[in-house]
Structures are given as C-alpha cells and as structure tokens.
Amino acid sequence: MASVYIPVQNSEEEVRVALDQLPRDASDILDILKAEQAPLDLWLIIAREYFKQGKLEQFRQILEEGSSPEIDEYYADVRYERIAILNALGAYYSYLGKIETKQREKEEHFILATQFYNKASRIDIHEPSTWVGKGQLLLAKGEVDQAFNAFKIVLDGDRDNVPSLLGQACVEFNRGQFSDSLELYKRALQVNPDCPAAVRLGIGLCRYKMGQFEKAWQAFHRVLELDPENVEALVALAILDLHTNAAAGIRKGMEKMQRAFELYPYCAMALNYLANHFFYTGQHFLVEQLTETALAVTNHGPTKSHSYYNLARSYHSKGDYDKAGVYYMASVKEISKPQEFIFPYYGLGQVQLKMGDLKSSLSNFEKVLEIYPDNCETLKVLGHIYVQLGQTGKALEFMRKATKIDPNDAQAFLDLGELLISSDAGAAQDCLKTARNLLKKEGQEVPIDVLNNLGVLHFERGEFELAQQTFREALGDGVWLAFIDGKEKAPSIDADASIFQYKDMNMFLQLEKEGHLVELPWNKVTTLFNLARLLEQLHNTETAAIFYRLILFKYPDYVDAYLRLAALAKARNNLQLSIELVNDALKVNNKSPNALLMLGDLELKNDDWVKAKETFRAASEATEGKDSYATLSLGNWNYFAAIRNEKRNPKLEATHLEKSKELYTKVLAQHSANLYAANGAGVVFAEKGHFDVSKDIFTQVQEAASGNIFVQMPDVWINLAHVYFAQGNFPLAVKMYKNCLRKFFNNTDSQILLYIARTQYEAEQWQDCKKTLMRAIHLAPSNYTLRFDAGVVMQKFSASTLQKSKKSVDEVRSTVAELENAVRLFKQLSAASSLHFHGFDEKKIDTHVEYCSHLLEAARVHLTAAEHEEQKIRQKQELARQMAIAEEARRKAEEQRKFQLERRMQEDELKRVKQQEEHFERIKEQWKSSTSGSKRRPSDIIDDEGGHSEKRRRKGGKKRRKDKHSRSRYETEEAEAEQMDYQEAPENEDADTHYRESGHMNEQDDEENAQNPLEAVGLEDSDVEDEAAPAGRRRRAWSESDDDEEQQERQPESSPRRENSADVQSDGEGDKPNGDLDDEE
C-alpha cells in the first residue's frame, strides 16, 4: 500500500499518509502540509493521487493552495516544484476547456490555464515543461501554428524532448502532414523505446491516413500486444476490418467493436459504429439508445456529429422527417467544415426537399457537390431541384454532367431525356434510347412510360415506322396485335349504318364470345391512344377508330377517345355524327374545355355563330378564364365577325377588332409565350394600320416559332410578308413569301404564289410576275382567275416596254410575243361558258382584247424600225471587226520578225562561244607540250617559249580581226532593222554593245590564261629576285591600244651568258601579263 511521509518540523518524526485512504476533505491534509512546511513535491504527489481517484475538486484545492502568494513567498527559493504545480493547474484547466461544450465556459478555462502558464514562465522562462504545457493549450484552442512554435522552442534546446516531439507530431497530424507526423512519432519512440503503447496509436493513425493500411494494422496490433485492453486500438482494428467490405471482415470488425464496448461501454466511436451496424439491420431502437449514450459521454465535435447523423438517419428511414431534420441540423452544427463529414448535409438536403424547402435543400446539395463534384446522385438531385425552381438550363447542365461521369447510369439518361423533350427532341430521343439499351443490357424491364415517350418523339419527328415499332414494344401482347397485323377486321356494315360505326361496341362483345381475350391494362391506355393517333397520321383511320372504340369499351369515361372519333367523323364531313360524339364526351364531363371548344368549332363550321359564341364562352368559364385556347377561340370569333362580310360596318368592325385585341392581350398576360395570341394581336394591329407594331410582333413570333419543333405557324410568315407589302418593301415581302412556300408547303401552294405575283406586279417585275403565275396555273389549272391575272401582266409588260425611249429589238420581239399570248388568253376567257361563275365581266375582257390588239399593231411597227436600225449597227460592227483582224495580223507578223532576229543573234552568239572554247582547248594542248619539254636546256626553253609566244600572238591578232569583222556584220544588220522599225533600235544597240564588251573581255581572258601556264611550269627569271643583280634592268611588255588596233610585239635581245647563270626566271609579279627575259651584264 503506497504511502507518503510528511516530516515533522524540528523533529525526526514523520506523519504517514496512506494514498489510498486520503480524507474526503482536503483541508486536513492542507493543514498538515502547511503546519509542517512540507516540501512542495509532497503537495504534488498528494494532488496527483486525488486526481487519479477522480476527486478533481480536492486536486484543484491542493494545487491552488500550493500556488498561493504565501506559499510562493515562503518557498521562493524552490523553483522547479513551484513551476510543476503551476503547470499542473494549467494542464488541468486546458483539459476542462477542451471538453467544455459551452463557448463561454470554454474560454474561461483557457484564460485560467494561460494565466498559470504565464506565472510559471515568470519564474523560469526557459523551463521546457512550461512550453510543452503552453503548446498543449494552444493545440486545444486550435491555434496550431502557435502550438508548433511552442514545441519548437523546446526542441531547439533539447531535440530529444519526448513530450515536445509528441506535441509537434500532433500539430503535423492536425495540419494534414501525416508523413511528417509519422517521422516525429518514430523519433519519439527511438528516443524513449519504453513509451506508453498509446504512442504507437499515433503511428497507426498516420499510416491509416496515408493509405498504408497493412502497416497501420501492424501498429494497432502492436498496441494490443503491449496493452491488450487498449480500447482505441481495438476500435481502429475494427474499422480496418469493416472497410474490407467482405462478410468475414465485417464480422471480425463487429466482434472487435463489441469487445471494445465491453471493455469500456462509454467509447463514443465504438458506440457510433455499433449504431451504424444496427441501422442496416433495421434495429432502430438500439440505434437510438447507442447514439444517445455516445452523445452523453463525448464532447468531441466530429464524434458527436456522427452520433447525431446516426440518430437522424434512423428517424429519416422511419418517415419522421421533422425529427430527422432536427438531428441532421445538429450534426451539421458540430462540424466546422463540410469536408470533415459531408453525409449530414446530404441527409438534410433530402429532408428539406421532401418538406418542400427547395432553396435550403439546394444550398446543402451544392455543399455536397463542392466536396464530391463527380457524385452522380447529387448531380441528379440538383437537376430535379432546378427543374422545380424553373431553371431548366442549369438542370440540363447537371444532368448532362451526370451522364458524362457515369455513362452506364440509365436513370440519369431518363431524367435528361425528360428534360430535353420540350427543347431538343432529337437529343431527348437519343437519351431515351441510351437508357432503354442500358436497362436491357442490365436485364431490367424497360418501363412502359419510357417506351411511350420514345414513340411519341419518333412520331413528332416523322419517323412513323420507328414510332409504331416502339408503341408495339410498349404494348406487348394483346388483342390490338391482331388488328395491326390485319388478322382481325371490323365487320362489314351497310351504308345506312356506317354513319354510326364509331359508336358501335358490338364487335368487342363478339370477340369475347369467340373466346378472344379483350383486355386493356390501365397503364397501356395512353400508349394505345398514341398508337391510334399514329395510325391516323398513316391514313389507317379504320384501325385507329377500332382502337379508340376499344379504349371506350374498357374505359367509357376516356374523353379524348370520343373527341378523336369526332375528329374522324368531321374529316369525313359527317358533322352530325361528330357533334353527337362530342356531346357524348360532354355527358362524361360537361365542363371539358377540349370538348366544348371542339363543339364551338363545329358550330362555326355549320355557320351557327350565336351558338359557337356561347359554347366558347362556356369553355372559358369552365376553366375560369385560365384556358388560353378558349380565350383564343373567342378572340378568333370576334376577328372573323369583323371581316366576314364584304360590306363591312365600320363601327361594328372596330368593336369586334377591339374585343379580339382585348382577348388576345388577356391570353398574353397569362402566358407571355403564347405564339397564337401574339399572332392574333399582330393581325389586329395590321388591320388597324399599325404596321410597325404588327411587324415587330410578327418578327418575334416568327423567331420563337422557328426555334420550336412542335410549332408550325405558316400564318405568321404570311402575315409578316403582308406587312412588308403594305409598307412597300416588295423585295423583302417576296423573300418572306418564298421562304414560307418552301418551308411549309414544299413550293406547291397556289395561294401563296398568287401573293408573290401580286407583290411582283406592284414592284413592276413583269416577267417574274408572269413566271410565278404560270407556276400557280400549273398547280391549279382550273383557277381562271390566275389566267386572267397572267393576261393582265402580259398586257402591262408590253405597254411599259413600248413606252421606253430606247428599246432593243429583242425587247420589241418579246413584247409582240407577249401581246399575242395576251390576246389569245383573253379570247379564251371570253369564250368560256362559266364567266359569271368565276366572277368575270365579259365587257371588261373584250376591252382587254381590243387594247392588246391595238398595242400589238403598234409593236409590229416598232419592230420593223428596230430591225432596220439593228441591221445598220451590225454592218458597222462587221467593218470594225475586219479592221481589227487586219491590225492583229500585222502585229503578229511584226512579232514573228523580231523573234526570228533574236533567235539568229542567239545562234551566232552560241557559235562564237563554241569557237572560243575550241581555241582555249588548243592553248591547253600547247602548254601540255611545253611542260613535257621542260627537261631540256634553259636556252632551248627560252627559244621554244619565244616561238610559241610568236604563234600565240599571231593567232591572237587574227582573232581580234575576226571579232571586228563579226561586229561590223551585226552593226549592218541592226542598221537595216532601224530603217524598218525605229522603235527596235535601242534594244539592238544594247545587244551590240553587250556583244562587243563580251568579245573584249574574252580576249583579255585568253591572254591571262596564256600567262598562268608559264608560272605553273616554273619558267621564271631567277635574276629578278637576285639581290646582287644591278638595279637598272630593262623590261619590255605587251601593249594594246584602246581603239582595238593590232598589238605590237618586240623580240627580246640576246647576249652571251656567263657560266653558272643559266637559270631562267619569269617576273613573279601579278601586275604584268607577260615578262621578258633580260641578259645579265
């Protein structure tokens, strides 16, 4: 049993204090310590024992009394123990501040700890334990950099200080520098191999963070070897086993967690992992108990965050979204940064999305995306949130990113396809196809709604065969296949009963009697309806009607089937049956807007304007004025009422136009993107003469309609062209009409061609107008109005041509032809038997015939005069052409003569160059001969050289005379050329000058080449370089006059030579062409 002995003052006796029997009241111990003036180290021992026993108040009481001013004064000479007491108090308050959850109390504890450490520093500023304590305090406060500096001060003085090494290792770990932290832990272990097992926990955590799981496992296992009951090591090993995601690993991990829980039931991390395990097993009661216990025993923020998250997940899975949201929020508050633990943000976003708080949910999911930018689930959720917020662009951006990150996510492609349906049908179709292929690849069944949407997209893009295949795939097996394949047909009925065939259901009863299964699941009704619409488009109206009736046979309240049957009856002009079918639909729903609007259209077709107006009003009231189509129908009714009679009532017309404008404006106020209402408003403004306003409206509608594949509005193109026509902008009007004709009618609408012809007529483009009318007549040969218009255009063209002051023969001929055609056309119309039926006036046509005949006679007179004038012009043109041909021939002859002359000069030049080359070859041969005789006597060499020089000079003189003769011959030819054409003289003179200069230079080259061989064979005058030779040497040289006279050569004088002076040496200088041989005196 451990005890301490307090010496009695002024005595050798001691007071024994058993440490395991310390009194509850520390005042008794303090009285003894004070009375006996016990050493301060005993104060520390007793205080530490109180701390171990959990008696923190007694611990604090003893240390505070031991650091009082009286004690400091009495033990002034004792420094280390006083510092130890102050550091112990500082460490105690640092711990209290670290575990405190309330911010105010936390700060108070940290202030007290700082005061004690500062007081210890005033005793000895260099005490390492004080700096270590300060570092721990700063680390607890989160001031990592300052803590690092505190530990560094200690290590600078003692690099092997283990507490500082461990403190700095913690700092590096918190900084995320796990490799540096690991090195510090290793160094501490090397300095003190007997460190507690917990030091190896730091090594294991560093290995774990660095991804070195095997070495981390070894470190944690070593901790257990040293301390088999180390709970932290057990939990760490359990986490490593759980992360294997294997059944055996998970089982081992949970066994270790259970053992850790048994060793210490208040380990928060073990409690959280156990709660997580029981969450997946569905034992929510245990989850709540374990997490509540973990929350009660820990003040560590991240650990509490995990506990709240487990509790929130439990309530979330049970559907208690209110409590789940509260605990998710509590989990988030315990985290300083989302990077530490992101899952609560995701759960909180899900709960807020479920509760309808879109903005808060969006904020939380965006935080998740910041941490995990490639998480497909988060991207898809954000896409759905942006769709609900009306921000389709951002939604598409997130959905596209999700499909790129995970190309095998079928749901992402489905979501993206649904978003793209309204904006990009082609891309939507591709997405749905990809989703279908992925689902089939995974062996999953493709949902019917996906196939239905894909079929509708094929249908709208005109891919009818693919649409039919897709609808059949969605429908699967059923009675409809027999009708599609033609195996079953509708029974034949007589003509009297045919008008009621759309209401007959007996055929399905007959099929059931025959044993056929007539079933239609509710989830296939829409697809069968769409298939029937497709068959309508393919003109298979009989089968389409059967499918509509099948839908009504199984589901008699399906209003749209009645309306489609009514549309089929209307297409057959059976208005009575159509009205009956619409009334049947109204029996199902007497306020169906579609049925009422269709009934109003049928009543308008029957010219029952009063009933139509009432029906349209009823449709508008049925939707409380919110149905834009009903309001549009009323607006159209007022517009047609204003313009339906030829004799308009101005007052009534203005009233109806104003009412229609009001209704169109009302629709636009409700739906600003309604193109039909905007088009109607533009028409009203145009009728009132506000062309600028109407043009702006039509332009905006046209741009909007062009960007929407679901909207086909040729009317707005025509209306815009009408406005351009009214403003006199005929080219733009024609362009707009033609674009509309090509885009919507495949260039086959005679009415639009008539609009174009009218515009061209006003623009006085007669020929274009006639061509346009001819096209229209080709498309509508029975339309006599077009023929009359063509005749008028021919007449107008002819009259305008004849009024020109200057006109060509072709124009006059064309005028005559047009007038003949116009006369013939008007006569045909005059002879027609149904003039009044087509609205023609016979007298007016006869007037046109007479006028065109008169113009024809005048045109023929103009034609005769124009032809005569044209003949004169042609004769003048022929004469000018002949003169031009003669001039061209003369020019070519002159060019040929010059070419021949230049070629002859070139040939002569080549011949001269060839002769010079031959001459040079002969000189080379001569010098070769002289080289072979160089072994003879010097006197012979001199003689030979003189002889050869003589020959060379003679030949040179002949050559110069020949060059002179050649030059004279060319000058003669040039003189003749000057007499023929003085303009060629400068060129010939230049050529002659060049020739003469070339001859002169070649002559000098020959002489220089003759000198060089002398030096090459060593024929030099040795006396020239002899220093003893007399200075007065006589020299001779070749001379040549500047006017090309013959060169004079003088033979060298010979004299008797002395013995031993037979050497011959030529002048070695390069400034003379040749050197003479001199006798030595």
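Residues numbered from 1 in each chain as written. Predicted model: local features only at pLDDT ≥ 70, side-chain atom pairs only at ≥ 80, totals over all residues. Heavy atoms only, no water.

This next bit is on the overall build of the protein. Helix and strand counts for the protein come out as 48 helices and two strands. Taking all 1081 residues of the protein together, the buried fraction comes to 42%. Of the roughly 61400 Å² that the protein leaves accessible, carbon and sulfur atoms contribute 49%. (Helix = DSSP H or I, 4+ residues; strand = E, 2+ residues; numbered from the N terminus. Buried < 20%, exposed > 50% of the residue type's maximum accessible area, 1.4 Å probe, protein only. Areas by Shrake-Rupley, 256 points an atom, 1.4 Å probe, with all protein chains shown as cover.)

Attention shifts here to the pattern of salt bridges. By the definition in use, this model includes 30 salt bridges. Here the salt bridges share partners, and the residues they tie into one network are Glu57, Arg60 and Glu64. (Salt bridge = Lys/Arg side-chain N within 4 Å of Asp/Glu carboxyl O.)

So, on to the packing of aromatic side chains. With the rule as written, the count across this model stands at 26 aromatic pairs. Considering the side-chain rings of Phe51 and Phe59, the 5.1 Å spacing of their centres and the 55° angle between planes classify their relative orientation as tilted. Assessed through its relative accessible area of 39%, Phe51 is described here as partly exposed. Looking at Phe59, the relative accessible area reads 7%, which means it is buried. With 5.4 Å between their ring centres and 65° between their planes, Phe59 and Tyr92 make a pair best called edge-to-face. With Phe59 in helix α3 (residues 56-66) and Tyr92 in helix α5 (residues 80-99), this residue pair connects regions lying 33 residues apart in the sequence. Looking at Tyr92, the relative accessible area reads 10%, which means it is buried. The residue whose ring lies beneath Lys134 is Trp131, and the NZ or CZ to ring-centre distance is 4.5 Å. The lysine or arginine in question, Arg787, covers the ring of Tyr784, its NZ or CZ lying 5.8 Å from the ring centre. (Phe/Tyr/Trp six-rings, centres within 6.5 Å; stacked < 30°, edge-to-face > 60°. Lys NZ or Arg CZ within 6 Å of the ring centre and 35° of its normal.)

Once that is clear, we can look at the pairing of strand β2 (residues 14-18). Bridge count between strand β1 (residues 3-7) and β2: five bridges; the pairing is antiparallel. For Val4, the partnering residue across the bridge sits in β2 and is Val17. Taking the residues between adjacent antiparallel strands as the criterion, β1 and β2 are bridged by six residues, where Asn10 takes a positive phi near 60°. (Pairing = 2+ DSSP bridges.)

With 19 residues, helix α43 (residues 784-802) should reach 27 Å at 1.5 Å per residue; the first-to-last C-alpha distance of 28 Å fits that figure. Where α43 begins, the capping side chain belongs to Asn783, and its oxygen is found 3.1 Å from the backbone nitrogen of Thr785. (Expected span 1.5 Å × (residues − 1). Polar contact = N/O pair within 3.5 Å; in protein donor to acceptor, adjacent residues only side chain to side chain.)

Turning to the layout of surface pockets, a few remarks are in order. A volume near 990 Å³ is recorded for the second largest pocket. Taken together, 30 residues line the second largest pocket, and the ones lying closest to its centre are Asn636, Phe640, Asn679, Val683 and Asp715. Mapped onto the lining of the second largest pocket, the elements with two or more residues apiece are α33 (593-605), α34 (609-622), α35 (628-643), α37 (675-687), α38 (691-706) and α39 (714-726). For the lining of the second largest pocket, the element with the highest residue contribution is α35, accounting for eight residues. A per-class count over the lining of the second largest pocket returns 18 nonpolar, eight polar and four charged. (1 Å grid on protein atoms, 1.4 Å probe; cavity = no way out; pocket = protein on both sides within 12 Å on 5 of 7 lines; lining within 4 Å. Points joined across faces, edges and corners; volume = space filled by probe spheres on them. Nonpolar A, V, L, I, M, F, W, Y, C, P; charged D, E, K, R; others polar.)

Turning our attention to the packing of helix α40 (residues 730-745) against helix α41 (residues 750-762). Where α40 meets α41, the axes come as close as 9 Å, and the angle between the chain directions of the two elements is 165°. One way to sum up the angle between α40 and α41 is to call them roughly antiparallel. The way α40 lies across α41 gives a crossing that is left-handed. Of the residues in α41, those touching α40 at Phe730, Ala733, Val734, Tyr737, Lys738, Cys740, Leu741 and Phe745 are Ile752, Leu753, Tyr755, Ile756, Arg758, Thr759, Gln760 and Glu762. For the contact of α40 with α41, the per-class residue count stands at 11 nonpolar, two polar and three charged. (Axes fitted to C-alpha atoms, helices over the stretch in contact; angles between N-to-C directions. Parallel < 35°, antiparallel > 145°, perpendicular 65-115°, else oblique. Left-handed = near helix turned anticlockwise from the far one by under 90°. Contact = heavy atoms within 4.5 Å.)

Another aspect to go through is the nonpolar core. Grouped together as the largest cluster of nonpolar side chains are 61 residues, with contacts concentrated most on Trp480, Leu528, Leu531, Phe547, Tyr548, Ile551 and Val582. Element by element, the count of residues in this core is highest for helix α31 (residues 559-571), at nine residues. If sequence neighbours within four positions are ignored, Phe547 has contacts with Trp480, Phe483, Ile484, Leu528, Leu531, Ala532 and Leu535. Tyr664, Leu720, Ala757 and Ala790 belong to the second-largest nonpolar core, a separate cluster that totals 49 residues. (Core = buried A, V, L, I, M, F, W, Y, C linked by side-chain atoms within 4.5 Å.)

Leaving glycine aside, a negative phi is the common case for residues, and trans is the common case for peptide bonds. Although it is not a glycine, His539 adopts a positive phi angle of roughly 65°. Take His539: it is sitting in the loop between α29 (525-537) and α30 (541-554). Of note, the phi angle at Glu764 is positive, near 60°, even though the residue is not glycine. By the secondary structure assignment, Glu764 is in the loop between α41 and α42 (766-779).

Attention now moves to helix α26 (residues 464-475). For α26, with 12 residues, the first-to-last C-alpha span of 16 Å sits near the 16 Å given by 1.5 Å per residue. Regarding α26, the residues found buried are Ala467, Thr470, Phe471, Ala474 and Leu475. Along the long axis of α26, the arc covered by the buried residues comes to 135°, so they all point the same way. In the segment just after α26, Gly476 is the residue with positive phi, at about 70°. (Arc of directions from axis to C-beta.)

This brings us to the environment of Gln61. Along the chain, Gln61 falls in helix α3. Put simply, Gln61 and Leu30 are 31 residues apart on the chain and 9.0 Å apart in space, counted from C-alpha to C-alpha. Filtering out sequence-adjacent residues up to four positions away, Gln61 remains in contact with Ala26, Ser27 and Leu30.

The next thing to look at is a nonpolar patch on the surface. A surface patch of nonpolar side chains, about 360 Å² in accessible area, is lined by Leu263, Tyr264, Tyr266 and Val297. Looking at where Leu263 falls in the secondary structure, it is placed in helix α14 (residues 247-263). (Patch = residues over 30% accessible without salt bridge, like charges linked within 9 Å, V, L, I, M, F, W, Y side chains within 5 Å.)

In this section: the environment of Asp160. Considering the arrangement of structural elements, one finds Asp160 in the loop between α8 (144-157) and α9 (162-175). With 27 residues separating them along the chain, Asp160 and Arg187 place their C-alpha atoms 8.1 Å apart. Here Asp160 is in contact with Leu165, Arg187 and Val191, once residues within four sequence places are set aside.

A few words now on the packing of α3 against α5. The contact between α3 and α5 brings their axes to 9 Å, and the two run at 140°. In terms of their interaxial angle, α3 and α5 are classed as oblique. The two elements α3 and α5 meet at a crossing, and its hand is left-handed. The residues of α5 that touch α3, namely those facing Leu56, Phe59, Arg60, Leu63, Glu64 and Gly66, are Ile85, Ala88, Leu89, Tyr92 and Tyr93.

We now examine the side chain of Lys134. For Lys134, the location among the structural elements is in helix α7 (residues 128-141). Asp124 provides the closest opposite charge to the buried, salt-bridge-free Lys134, at an N-O distance of 11 Å. Residues within four places of Lys134 in sequence aside, it is in contact with Tyr117, Asn118 and Ser121. (Lys, Arg positive; Asp, Glu negative; His and termini not counted.)

With respect to the helices and strands, Thr815 occurs in helix α44 (residues 809-831). Taking the relative accessible area as the measure of exposure, Thr815 reaches 0% and is therefore buried. Dropping the residues within four chain positions of it, Thr815 is found in contact with Phe797, Ser798, Thr801, Leu802 and Ala859.

One can find Ala312 in helix α17 (residues 301-317). Sequence separation between Ala312 and Glu288 is 24 residues; the distance between their C-alpha atoms is 9.3 Å. Not counting the four nearest positions on each side in its chain, Ala312 is found in contact with Ala324, Tyr327 and Tyr328.

Before going further, it helps to spend a moment on the confidence of the model for the protein. For the protein, the mean per-residue pLDDT works out to 80, and 83% of the residues sit at or above 70. In this model residues 492-499 is a low-confidence stretch, pLDDT under 50, and it forms four contacts with partners more than four residues away in sequence or in other chains. A low-confidence stretch, residues 935-1081 (pLDDT under 50), is modelled with 135 contacts involving residues beyond four sequence positions or located in other chains. (pLDDT = per-residue confidence, 0-100.)

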